[in-house]
Amino acid sequence: GGKKDSFAADERKRKAVPKEAIRRIKVLEEPRRRQICVMLARLPGGIQQIKEAVTDMDGSRLDRDEVELLLGNLPGPEEIQLLKRAQQEHKVDALNIWDVA
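Residues numbered from 1 in each chain as written. Predicted model: local features only at pLDDT ≥ 70, side-chain atom pairs only at ≥ 80, totals over all residues. Heavy atoms only, no water.

S.K.: For this particular structure, what's the right way to read the nonpolar core?
M.R.: One broad rule of soluble globular proteins: the nonpolar side chains tend to lie buried together. Listed in full, the seven residues of the largest apolar core are Met-39, Leu-43, Ile-50, Ala-53, Leu-62, Leu-69 and Leu-70. If near-sequence neighbours (up to four positions away) are discounted, Leu-70 is found in contact with Met-39, Leu-43, Ile-50, Val-54 and Leu-62. (Core = buried A, V, L, I, M, F, W, Y, C linked by side-chain atoms within 4.5 Å. Buried < 20%, exposed > 50% of the residue type's maximum accessible area, 1.4 Å probe, protein only. Contact = heavy atoms within 4.5 Å.)

Have a look at this one:
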């Protein structure tokens, strides 16, 4: 699909660019960012696998405690607006990437 191909192309371009030239787009305050990083470290797989497990409602991939961890870290309305605004305002490409754990 389109987004996946575009992401793969950006990944290839990014590998050809020195790390110092890449700008990480930060949206959340550092304590919240750390909280999300810790949560993601405690969950199995990467973000895509977690998304698929939730979307498929697959109880064999996420146990009760892991689902509760996700629910406890859901973004509030203000945070959702902040993320949506950042998505509209920032160009993401080989030189500008989201700051992810």
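Past the structure itself, the notes keep going.
S.K.: Where do I start with the side chain of Arg-32 in this structure?
M.R.: Note on placement: Arg-32 falls in helix 2 (residues 30-42). A distance of 2.8 Å separates the side chain of Arg-32 from the side chain of Glu-79, its partner in a polar contact. (Helix = DSSP H or I, 4+ residues; strand = E, 2+ residues; numbered from the N terminus. Polar contact = N/O pair within 3.5 Å; in protein donor to acceptor, adjacent residues only side chain to side chain.)

S.K.: Honestly, a nonpolar patch on the surface in this entry has me stumped. Any pointers?
M.R.: A grouping of Val-67, Leu-71 and Leu-74 is seen on the molecular surface, where their side chains present a nonpolar patch of about 280 Å² in accessible area. Looking at where Val-67 falls in the secondary structure, it is placed in helix 4 (residues 64-72). Val-67 gets classed as partly exposed once you look at its relative accessible area, which sits at 35%. (Patch = residues over 30% accessible without salt bridge, like charges linked within 9 Å, V, L, I, M, F, W, Y side chains within 5 Å. Areas by Shrake-Rupley, 256 points an atom, 1.4 Å probe, with all protein chains shown as cover. Salt bridge = Lys/Arg side-chain N within 4 Å of Asp/Glu carboxyl O.)

S.K.: Is there a simple way to think about unusual backbone geometry in this case?
M.R.: Both trends apply: most residues other than glycine have a negative phi, and most peptide bonds are in trans. Even without glycine at this site, Met-57 takes up a positive phi of about 50°. Its location among the elements puts Met-57 in the loop between helix 3 (47-55) and helix 4. A relative accessible area of 74% means that Met-57 is categorised as exposed.

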